[in-house]
Amino acid sequence: MDEEVIKYYLYKNDKRVMDSGFNKLDKAIEYARKHNCDEVEMAEWDNRNAYNKRLEANRFKVVWQKD
């Protein structure tokens, strides 16, 4: 079975900062801090096929918020 896909997306003022997400949480947080973003959200797809078809992620979770 295909492996799950996890991407981290940055938000500032409730708007996504860029379309492409980060593969690693530490890099996403580093970029978010440098660019004054409000939060990092994790999006998780059950398999790469769903991700490649640009289907909506199966799970979302805020994993970092600005202090």
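Residues numbered from 1 in each chain as written. Predicted model: local features only at pLDDT ≥ 70, side-chain atom pairs only at ≥ 80, totals over all residues. Heavy atoms only, no water.

Chemist: Sorry, what's going on with the packing of aromatic side chains here?
Modeler: To describe a pair of aromatic rings, you give the distance between the ring centres and the angle between the ring planes. Applying the stated criterion to the full structure yields two aromatic pairs. An angle of 50 degrees between the planes, with centres 5.5 Å apart, marks the rings of Phe 22 and Tyr 31 as tilted. In this structure Phe 22 comes out as buried when scored by relative accessible area, which is 18%. The exposure class assigned to Tyr 31 is partly exposed, which follows from its relative accessible area of 26%. (Phe/Tyr/Trp six-rings, centres within 6.5 Å; stacked < 30°, edge-to-face > 60°. Buried < 20%, exposed > 50% of the residue type's maximum accessible area, 1.4 Å probe, protein only.)

Chemist: Would you explain the pairing of strand β3 (residues 39-45) in this entry?
Modeler: Residues in a regular strand point their side chains to alternate faces of the sheet. Most of β3 sits out of view: seven of its seven residues are buried. Where burial is concerned, the two faces of β3 agree: the one with Glu 39, Glu 41, Ala 43 and Trp 45 and the one with Val 40, Met 42 and Glu 44 are both buried. Taken together, the seven bridges between strand β1 (residues 5-12) and β3 define a ladder with antiparallel strand orientation. Counted as the bridge partner of Leu 10 is Val 40 from β3. Here β3 pairs with strand β4 (residues 59-65) via six bridges, running antiparallel. Among the inter-strand pairings, Val 40 is bridged to a residue of β4, identified as Trp 64. (Helix = DSSP H or I, 4+ residues; strand = E, 2+ residues; numbered from the N terminus. Pairing = 2+ DSSP bridges.)

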